[in-house]
Each structure stands twice: as C-alpha cells, then as structure tokens.
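# Structural overview for review
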Amino acid sequence: MERKRRKGGYFLLTVGLMVCLIAASMACLYAPRNSAEAVASGAQTTDIGELLLDNYTARADKMVFNGSNLELLYAQITGKSNATYADVEKAVENGATRTSANFRDPNNTQTGGKLITLTIDGMVWNAMYLSTNRSGEPILTLWLASSTDKAKWNYHAVDSNTAYPSNMYSTSMIRTEALNNAGTWYETNTGGNPHPYTPSADHKYAKFT
C-alpha cells in the first residue's frame, strides 16, 4: 500500500502544480475541440474529502497524500472500482481524454452521475478534465468550486500586437501576483515599469506553486 500511495502522490503532485485556480486561467488552457463542460452551481457532488495528510511537511515518512482518498479519486475519474494509477494511465492513453461530462455520466457507477469534488489545502475543487502532459503522464485539471478572490488582470490596455499584451496570460499581473507564479508583468505595452514577482511561501496558493 505504501508503494501505491507514493506513486499516487507523484500523480497528484503533478496535478497540484498544473491545477487551474480561477476561471480566467481555465479559459487559456482549452481549444474549442477540447473544452470542458461547465457545471451549474447546486449540482450533486461526491465529496471525496481532503487529499493532503495532516502536517505532511513534518511527517517522518514523507507521505503527502491520503492514499485512501486518492484511490477513491482514481475510481471516480476512471469509472472503475478499485482503480489504480495504472487504470488512470490507461484511461488517457493514445491521447484519450475524459471531461466532467464523462465523470458525471449516469453509467459511471463510481460517481452515480454526480460531480466529483475533493479538497486540497482546505479548498474545494471540481474535477473537470483528465488529459496528459507532453510526456504522456496523466493531468487532472481542477476548478476551484468557490472563491471570493478579486484581482486586476493588468494595468495597460488590451493590444495583441505588442510585445507585452495585457490580454496574454503569460504577461499578466493576475498570473504572477494573484496566483503566486514567478514571472514579470508590465505597466505598459512597450515593457515599461516591469514588476518581477517571486512566489511567496505565505500566499494563499503557495502549496500549489
């Protein structure tokens, strides 16, 4: 079981690093043919529970994730009872994907047609899209279920033909300061007044970045 939990931990660690924190960043990830289906508020949920172990940063065994809840997540996203990490890999082999619609399919005996929800660091997330990274490893995209966070996207005007367009997520203020990612945002379209940002350990999303 310990070996299985460690391997599962690697999977969810990748998930944590790739997770989408707000709808704005979600919009940047999908082409129309790979869109995730939105879910109305009030939908019935499965509520897997907290994935992080208590005080995992101080644990002598270095374990990070709750193995039982992780295996429950595997089962719900694959639709297979007693699913393992290998089943998750198989579900997205050869470029296959699974969306929230697949997770909520009434024929998915592991969810009963409900929306998959889980908790990481006390925040509730919806499971939206299962795909792979460039190396073929499973990536589960999560959508923060509820947030009161407010942040400015950027200062300067929208202009897609300049070197530092504010409508580009990669050069936006929201990517760095609001979501705690390393990078630089600019106050002008010509790169004036750069604002380099170093991720903070005290940030709300520090455990994800």
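These numbers come from a predicted model, not from an experiment.

Looking now at the overall build of the protein. Across its full length, the protein holds 6 helices and 6 strands. Element order for the protein, N to C, with α for helix and β for strand: α-α-α-α-β-α-β-β-β-α-β-β. Within the span of the protein, comprising 209 residues, buried residues form 39% of the whole. Put simply, of all contacts in the protein between residues at least 6 apart along the chain, 53% involve residues at least 24 apart.

It is worth spelling out the pairing of strand E2 (residues 117-120) at this point. With burial as the criterion, each face of E2 is covered, one bearing Thr117 and Thr119 and the other bearing Leu118 and Ile120. Of the strand pairs in this sheet, E2 and strand E3 (residues 123-132) are connected by 4 bridges, and their pairing is antiparallel. By the bridge assignment for E3, isoleucine 120 is matched with methionine 123. Hairpin geometry of E2 and E3 is characterised by an intervening segment of 2 residues between the two adjacent antiparallel strands and by a positive phi of about 55 degrees at aspartate 121.

What follows concerns the pattern of salt bridges. Going through the model one piece at a time under the given rule, you end up with 4 salt bridges. One salt bridge in this structure joins arginine 59 and aspartate 61, with 2.8 Å as the shortest N-O distance. With a shortest N-O distance of 2.9 Å, lysine 80 and aspartate 87 are connected by a salt bridge. Classification of lysine 80 by relative accessible area gives partly exposed; the value is 42%.

Counting through the fold element by element, threonine 171 comes out in the loop between strand E4 (138-144) and helix H6 (173-178). In this structure threonine 171 touches Asn154, Tyr164, Pro165, Thr184, Trp185 and Tyr186, once residues within four positions along its chain are discounted.

Let us now look at the environment of asparagine 66. Structurally, asparagine 66 is set in the loop between helix H2 (23-29) and helix H3 (67-78). The spatial distance from the C-alpha of asparagine 66 to the C-alpha of leucine 53 is 5.4 Å, given a sequence separation of 13 residues. Other than its neighbours up to four places away in sequence, asparagine 66 contacts Glu50, Leu51 and Leu53. A polar side-chain atom of asparagine 66 sits 3.0 Å from the main-chain amide nitrogen of serine 68. One polar contact links the side chain of asparagine 66 to the main-chain amide nitrogen of asparagine 69, over a distance of 3.0 Å.

Among the nonpolar cores identified, the biggest contains 30 residues, and Leu73, Ile77, Leu118, Ile120, Trp125 and Leu140 are the most heavily contacted of them. Of all the secondary-structure elements, those providing two or more residues to this core are H3, helix H4 (85-91), E2, E3 and E4. The dominant element in this core, judged by the number of residues it contributes, is H3, at 5 residues. Ignoring any residue separated from it by four or fewer positions in sequence, one finds isoleucine 77 in contact with Val88, Arg98, Phe103, Ile116, Leu130 and Leu140.

On average, residues of the protein score 81 in pLDDT, and 78% of them reach the 70 mark or higher. The low-confidence segment residues 1-6, where pLDDT is below 50, has 9 contacts with residues more than four positions distant or belonging to other chains. Ignoring residues within four places in sequence, the model shows residues 16-33, a span with pLDDT below 50, making 32 contacts including any to other chains.

Rules used in this analysis
- Residues numbered from 1 in each chain as written.
- Predicted model: local features only at pLDDT ≥ 70, side-chain atom pairs only at ≥ 80, totals over all residues.
- Heavy atoms only, no water.
- Helix = DSSP H or I, 4+ residues; strand = E, 2+ residues; numbered from the N terminus.
- Buried < 20%, exposed > 50% of the residue type's maximum accessible area, 1.4 Å probe, protein only.
- Contact = heavy atoms within 4.5 Å.
- Pairing = 2+ DSSP bridges.
- Salt bridge = Lys/Arg side-chain N within 4 Å of Asp/Glu carboxyl O.
- Polar contact = N/O pair within 3.5 Å; in protein donor to acceptor, adjacent residues only side chain to side chain.
- Core = buried A, V, L, I, M, F, W, Y, C linked by side-chain atoms within 4.5 Å.
- pLDDT = per-residue confidence, 0-100.

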